[in-house]
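Structural characterization, general
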Amino acid sequence: MELYEVMRTTAAIREFTDDPLPDDVLARILDHARFAPSGGNRQGAHLVLVTERATREALAELNKPAVRRYTAQVAAGEVPWNPLHPPGPSPEAIAATEPPAYFLTPLLTAAVVVVVCVDLGAVAATDQHLDRVGLVSGASVYPLAWNLLLAARQEGFGGTFTTMAIAQEPQVKELLGLPEEYAVAAVVPLGKPVRQPTRLRRQPVAEFVTRERYDGPPFDVQPATA
Ligand SMILES: Cc1cc2nc3c(=O)[nH]c(=O)nc-3n(C[C@H](O)[C@H](O)[C@H](O)COP(=O)(O)O)c2cc1C
């Protein structure tokens, strides 16, 4: 598949067939994904490939507290898990919210669940002294995670970033035997999609790109044709 086609069609896949993801195909996916950049080329990522039922169930269970809050906040019309705005729903209302299967089932039904981790001793966090949530260290691992999904798409497979279990990171680390200095960046179920969405909904370039300054004119230009 052509690169631009892959970029435009790599959707979040949460429904999988029973088809396996053969190890040699997964090896090809990973062999291409590994060319992702990282700060200072330190390559601090570590991926854990989970197939065992008990581990999948434990990961799904660890999703639940964060999914409860996510779901309660969406129902309240809020941006869920936003660091600038605390949740409106009470802790009791959140605890009473049923976690939708939509968030849990992919971890049980995917051919493999890839837990993407990073050695915090290898990342450069140039935003560490700013009075805001950290972003830059994630850039040393998320390009690899996205490459994984792009390469999976190229091979006829798919998956999605999931992050809900990370709210319970200490338990995830214990479950997988991660060293102390590692963080979990994403939990990515991968498998053969039941269906592949062909049109993704994304805002047009002119909605989020401006010239020179934030309040500069929108970059509203027709893309060159090949
Ligand atoms: C940082 C990040 C965290 C995400 N966390 C979850 C998650 O915990 N569970 C889930 O089902 N999807 C999760 N997603 C997937 C997004 O919902 C999905 O990428 C987005 O809705 C676009 O979907 P589409 O490509 O099918 O249009 C996450 C995506 C990103 C980038």
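Anything mentioned here points back to the structure above.
Throughout, residues of each chain are indexed from 1 in the direction in which the sequence is written. Totals for whole chains, interfaces and linings use all residues, but because this is a predicted model, local features are given only for residues with pLDDT of at least 70 and pairs of side-chain atoms are given and counted only at 80 or more. Side-chain metrics rest on all non-hydrogen atoms present in the structure, leaving aside hydrogens and water.

**What about the packing of aromatic side chains?**
Threshold: Aromatic contacts are taken between Phe, Tyr and Trp rings whose centres are within 6.5 Å, Trp giving its six-membered ring; a plane angle under 30 degrees counts as stacked, one over 60 as edge-to-face, and the others as tilted. Remark: exposure states derive from per-residue accessible area (1.4 Å probe, protein chains only) relative to the maximum for the residue type, with buried under 20%, exposed over 50%, and partly exposed in between.
The full count for this structure, using the stated rule, is four aromatic pairs. Between Tyr-102 and Phe-103 the ring centres are 5.1 Å apart and the planes differ by 85°, which places this aromatic pair in the edge-to-face class. The partly exposed category is assigned to Tyr-102, whose relative accessible area is 46%. Taking relative accessible area as the criterion, Phe-103 reaches 17% and is therefore assigned buried.

**Examining the sheet that holds strand β2 (residues 112-119)**
For clarity, the threshold we go by: Note on pairing: two strands pair once DSSP finds at least 2 bridges between them. For helices the rule is a DSSP run of H or I covering at least 4 residues; for strands it is a run of E covering at least 2, with both sets numbered from the N terminus onward.
Reading across the sheet, the four strands line up as β1-β2-β4-β3 and stay open at both edges, with antiparallel pairing between neighbours. The sheet terminates laterally at β1 (45-50) and β3 (158-159), the two strands that pair on one side only. With eight bridges connecting them, β2 and strand β4 (residues 182-191) associate as antiparallel partners. For Val-115, the partnering residue across the bridge sits in β4 and is Val-187.

**Looking at the environment of Thr-9**
Formally: Residue contacts are defined here by distance: any two heavy atoms, one from each residue, within 4.5 Å place the two residues in contact.
Among the structural elements, Thr-9 can be located in helix α1 (residues 3-9). Placed 144 residues apart in sequence, Thr-9 and Arg-153 show a C-alpha to C-alpha distance of 8.2 Å. Look past the residues within four positions of Thr-9 in its chain and what remains in contact with it is Met-1, Arg-153, Gln-196, Pro-197, Thr-198 and Leu-200.

**Side note on the nonpolar core**
This is how it is decided: Take the buried residues of types Ala, Val, Leu, Ile, Met, Phe, Trp, Tyr and Cys, join any two whose side-chain atoms come within 4.5 Å, and each joined set is a nonpolar core.
Membership of the largest hydrophobic core comes to 23 residues, with the highest contact counts inside it found for Leu-21, Ile-29, Val-114, Val-116, Leu-148, Val-188 and Leu-190. Elements that contribute at least two residues to this core include exactly α2 (23-33), β2, α6 (142-154) and β4. Here the element with the most residues in this core is α6; it accounts for six residues. Sequence-distant contacts of Leu-21, defined by excluding residues within four places in its chain, comprise Leu-26, Ile-29, Ala-111, Val-112, Phe-157 and Leu-190. Within the second largest apolar cluster, 21 residues are counted, among which are Leu-59, Leu-176, Val-184 and Val-187.

**Digging into the side chain of Gln-168**
Relative to the elements of secondary structure, Gln-168 occurs in the loop between β3 and α7 (169-176). Setting aside residues up to four positions removed in sequence, Gln-168 forms contacts with Leu-62 and Pro-65.

**A closer look at unusual backbone geometry**
One non-glycine residue with positive phi stands out, namely Gln-43, at about 50°. Note that Gln-43 resides in the loop between α2 and β1. Of note in this structure, Trp-81 is not a glycine but carries a positive phi near 60°. Mapped onto the elements of the fold, Trp-81 is located in the loop between α3 (53-75) and α4 (91-95). Overall, the relative accessible area of 37% leaves Trp-81 in the partly exposed class.

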